[in-house]
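# Structure at a glance
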Amino acid sequence: MGMLDLNNLLCIGTELKGRAGLLANEKWRSCNGGGEMTTPPAGRGVRSLISRRRWQDFGIPGFGDGPSLGHRVSRPYLQRLHDRAANAASLRAPEVAYIGTQHPQHKAAVLLCLAAGKAVLCEKRMGVNAAEVREMVAEARSRGLFLMEAIWTCFFPAVQALRSAVSQGILGDLRVARAEFGKDLSHVPRAVDRAQAGGALLDLGIYCVQFISMVFGGQKPEKISAVGRLHETGVDDTVTMLLQYPGGIHASFTCSISAQLSNMAFVSGTKGMAQILNPFWCPTELVVKGEHEEFPLPPTPSKEFNFTNGAGMVYEAKHVRECLRKGLKESPVIPLAETELLADILEEVRKAIGVTFPQDKR
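In this report, we go over the structure that sits alongside the text.

Rules and cut-offs
- All residue numbers refer to position in the chain's written sequence, counted from 1.
- Selection of residues for local features in this predicted model requires a pLDDT of at least 70, selection of side-chain atom pairs for listing and counting requires 80 or more, and totals for whole chains, interfaces and linings are taken over all residues.
- Neither water nor hydrogens contribute to the side-chain values; these are computed over all heavy atoms in the structure.
- Only runs of H or I of at least four residues qualify as helices and only runs of E of at least two qualify as strands under DSSP, and these elements are numbered from the N terminus.
- In this scheme, a residue with accessible area under 20% of its type's maximum is buried, one over 50% is exposed, and one in between is partly exposed, where area comes from a 1.4 Å probe on protein chains only.
- Whether two residues touch is decided by their heavy atoms; if any such pair falls within 4.5 Å, the residues are in contact.
- Surface exposure here means Shrake-Rupley accessible area, sampled with a 1.4 Å probe, where a residue is shielded only by the protein chains that are shown.
- In this scheme, strands are said to pair when DSSP sees at least two bridges between them.
- Each axis is a line fitted through C-alpha atoms, taken for helices only over the stretch in contact, and angles between the N-to-C directions span 0 to 180 degrees.

### Considerations on the overall build of the protein chain
Across its full length, the protein chain holds eight helices and 13 strands. Residues counted as buried form 56% of the 362 residues belonging to the protein chain. For the protein chain, contacts bridging at least 24 residues in sequence account for 72% of all contacts bridging at least 6. When the accessible area of the protein chain is evaluated, it comes to approximately 14600 Å², of which 50% is carbon and sulfur surface.

The structure is reproduced here in structure tokens:
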């Protein structure tokens, strides 16, 4: 399809997650001819349902007054969001949509855009549960459209270098992997809101389990066990999971929304160990067998980002562009089969620790 023009992008999101206009600007600045991080020329730009600069364009409350991390979402607001999304998705120009709503709204937004014939990049966790994920995957496949779960970590050069080291056998036969991701988010209403599928697993644990799946080649674990502490609202507060893979290989991770953890990840084999340093979900440093290497972010003079290492969102944007240019229907880095596997693993963990969401009953 040639180069992916900024006018061919549609972003659908709410400020609840802090990713609406932010990702419209950060993630998609890269989608010009050379892939540099640039600001859209005057009069052009991402077609964003809700953006930091154009919050009122679709009749939604102003940025300062609209939904935020401290607000709950009302049904009338969600209906307005749905109506505007349907209108935006029907536009002919956008060829690819980025979905950055809250977890419970992902499915509706994805299905809307697929029905309108758009390729879709949906923010992680693609669905609240495995059934939602499978429904979206089946719809994309039946329509022959591109769909990918947005786990930006996979595209950082440090992670690509780790993947290469593993595939080349530099670490020998793999034996164990471990990841930790914990921050005190207990003060953030959305993070502890069961109705919004809050908790540690879907927001933070997804990075851990995807890292483990990546280094072990997307294998299905033979056994999963987990322990967890629940928040008073019923979401998972802190979770530790152990996975056993064929050949006696095992992995573990801990995620938490109430405790600061190391936020690092490592994999160890018979010839040595590799570590992705903090922040492992958007890393710039990798240590392989004691050798430290840095991977500087793309230069972004005078640009400000709301997320740690936000300039690194360019890597994922470039990947999506290349997939679409090649006519691919899914990413070779995050294939849909792996997205389904991650959903199965997280759902099994939730069942083990007793966490349910309203969507599980549908």
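After presenting the structure, the write-up continues.
### Description of the sheet that holds strand E13 (residues 291-294)
Read across the sheet, eight strands follow the order E7-E8-E9-E6-E10-E11-E12-E13 without closing on themselves; strand pairing throughout is mixed. A strand with exactly one partner marks an edge of an open sheet, and here the two such strands are strand E7 (223-230) and E13. Pairs of neighbouring strands in the sheet enclose a mean axial angle of 10°, with direction left out of account. Where helix H8 (residues 336-353) meets the sheet, its contacts fall on E7 and strand E8 (236-244), and the angle it forms with E7 comes to roughly 55°.

### Thoughts on the pairing of strand E11 (residues 272-276)
Here E11 shows a buried face lined by Gly272, Ala274 and Ile276 and an unburied face lined by Met273 and Gln275. In textbook terms, the turn of a hairpin is the stretch between consecutive antiparallel strands, and for strand E10 (residues 265-269) and E11 this stretch comprises two residues. By the bridge criterion, three bridges tie E11 to strand E12 (residues 285-288) in an arrangement that is antiparallel. Its bridge partner being in E12, glutamine 275 is matched across the sheet by valine 287.

### Side note on unusual backbone geometry
The general pattern is negative phi for most residues beyond glycine and trans for most peptide bonds. In this model, asparagine 278 is joined to proline 279 through a cis peptide bond whose omega is 0°. In this structure, proline 279 sits in the loop between E11 and E12. Its identity is not glycine, yet asparagine 263 carries a phi of approximately 55°, on the positive side. If you trace the backbone, asparagine 263 turns up in the loop between strand E9 (250-256) and E10.

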